[in-house]
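Commentary on secondary and tertiary structure
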Amino acid sequence: MLNQANVRYLLVGSVNTLAGYLIGVGLYKAMDSNLDIIWIGVISNILSITVSFLTYKTLVFRTKGMWLLEYMKSYIVYGGIALIGIFFLWFFVEKMKISIWIAQGLVIGVTVIFSYIGHSQFTFHRRETLE
């Protein structure tokens with residue numbers, strides 16, 4: 001059964017996913033002739049992670065303070081996912097010649113479950129102190 005936090009996560013995650021998709025495709029369309037697909041993937045991930053961090057922190061997990069620590073933790077969660085995503089983006093676009101529109105959608109789809117687990121258990125997780 002979904003609780004309010006899960007529903008918020010799904011709604012905000014949907015918006016973040018769309019934003020990440022549009023950022024990736026937009027950068028590719030704007031920079032394809034000037035930048036390699038790997039650099040486009042790196043820049044896209046930095047922008048997308050920042051958007052996701054801000055929305056998850058303020059709208060989903062609603063944690064207070066610790067902005068820099070939680071931001072850095074979000075990079076740990078997304079780091080492995082981003083490296084895999086960048087590889088597959090390169091592979092789909094450059095080697096398999098799949099449209100960026102489809103490739104970006106395939107890559108983003110992988111992150112949803114892993115990001116929820118990582119954020120709920122690590123990035124925004126607060127241990128309750130026993131007093």
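Above: the structure in question.
Here we summarise the structure given alongside this text. (Residues numbered from 1 in each chain as written. Predicted model: local features only at pLDDT ≥ 70, side-chain atom pairs only at ≥ 80, totals over all residues. Heavy atoms only, no water.)

1. Observations concerning the nonpolar core
Ranked by size, the top nonpolar core spans 14 residues in total, and within it Tyr28, Leu89, Val93, Ile100 and Ala103 carry the most contacts. Going through the elements one at a time, helix H1 (4–31), helix H2 (37–61), helix H3 (67–95) and helix H4 (100–109) are the ones with two or more residues in this core. Among the elements that take part in this core, H1 stands out by supplying five residues, more than any other. In this structure Leu89 touches Ile37, Gly41, Glu94, Ile100, Ala103, Gln104 and Val107, once residues within four positions along its chain are discounted. (Core = buried A, V, L, I, M, F, W, Y, C linked by side-chain atoms within 4.5 Å. Buried < 20%, exposed > 50% of the residue type's maximum accessible area, 1.4 Å probe, protein only. Helix = DSSP H or I, 4+ residues; strand = E, 2+ residues; numbered from the N terminus. Contact = heavy atoms within 4.5 Å.)

2. Here's the deal with unusual backbone geometry
In this model, Met66 sits at a positive phi of 55°, which is unusual for a non-glycine residue. Counting through the fold element by element, Met66 comes out in the loop between H2 and H3. Even without being a glycine, Lys97 presents a positive backbone phi close to 60°. Relative to the helices and strands, Lys97 resides in the loop between H3 and H4.

3. What about a nonpolar patch on the surface?
On the surface, Leu2, Val7, Leu10 and Leu11 cluster together into a nonpolar patch covering about 370 Å² of accessible area. Accessibility expressed as a relative area gives 44% for Leu10, which makes it partly exposed. (Patch = residues over 30% accessible without salt bridge, like charges linked within 9 Å, V, L, I, M, F, W, Y side chains within 5 Å. Areas by Shrake-Rupley, 256 points an atom, 1.4 Å probe, with all protein chains shown as cover. Salt bridge = Lys/Arg side-chain N within 4 Å of Asp/Glu carboxyl O.)

4. A short note on the environment of Ser115
Inspection of the secondary structure puts Ser115 in helix H5 (residues 111–123). With 34 residues separating them along the chain, Ser115 and Ile81 place their C-alpha atoms 8.4 Å apart. Ignoring sequence-local partners within four residues, the contact set of Ser115 consists of Tyr9, Val77, Tyr78 and Ile81.

5. Things to note about the packing of H2 against H3
At their nearest, the axes of H2 and H3 sit 8 Å apart, and the two run at 145° to each other. Pair H2 / H3 crosses with right-handed handedness. (Axes fitted to C-alpha atoms, helices over the stretch in contact; angles between N-to-C directions. Left-handed = near helix turned anticlockwise from the far one by under 90°.)

6. Some remarks on the packing of H1 against H2
Relative orientation of the contacting elements H1 and H2 amounts to 155°, with a least axis distance of 9 Å. Comparing their axes, H2 and H1 come out roughly antiparallel. Where H1 crosses over H2, the two elements pack in a sense that is right-handed. (Parallel < 35°, antiparallel > 145°, perpendicular 65-115°, else oblique.)

7. Comments concerning H1
Helical periodicity: at 3.6 residues per turn, an α-helix aligns residues three or four positions apart in one direction. Taking 1.5 Å per residue, 28 residues should reach 40 Å; H1 reaches 39 Å between its end C-alpha atoms and fits that length. Along H1, the residues classified as buried are Asn6, Tyr9, Val12, Gly13, Asn16, Gly20, Tyr21, Ile23, Gly24, Val25, Leu27 and Tyr28. Of the residues flanking the start of H1, the one acting as N-cap is Asn3, its side-chain oxygen 2.8 Å from the backbone nitrogen of Asn6. (Expected span 1.5 Å × (residues − 1). Polar contact = N/O pair within 3.5 Å; in protein donor to acceptor, adjacent residues only side chain to side chain.)

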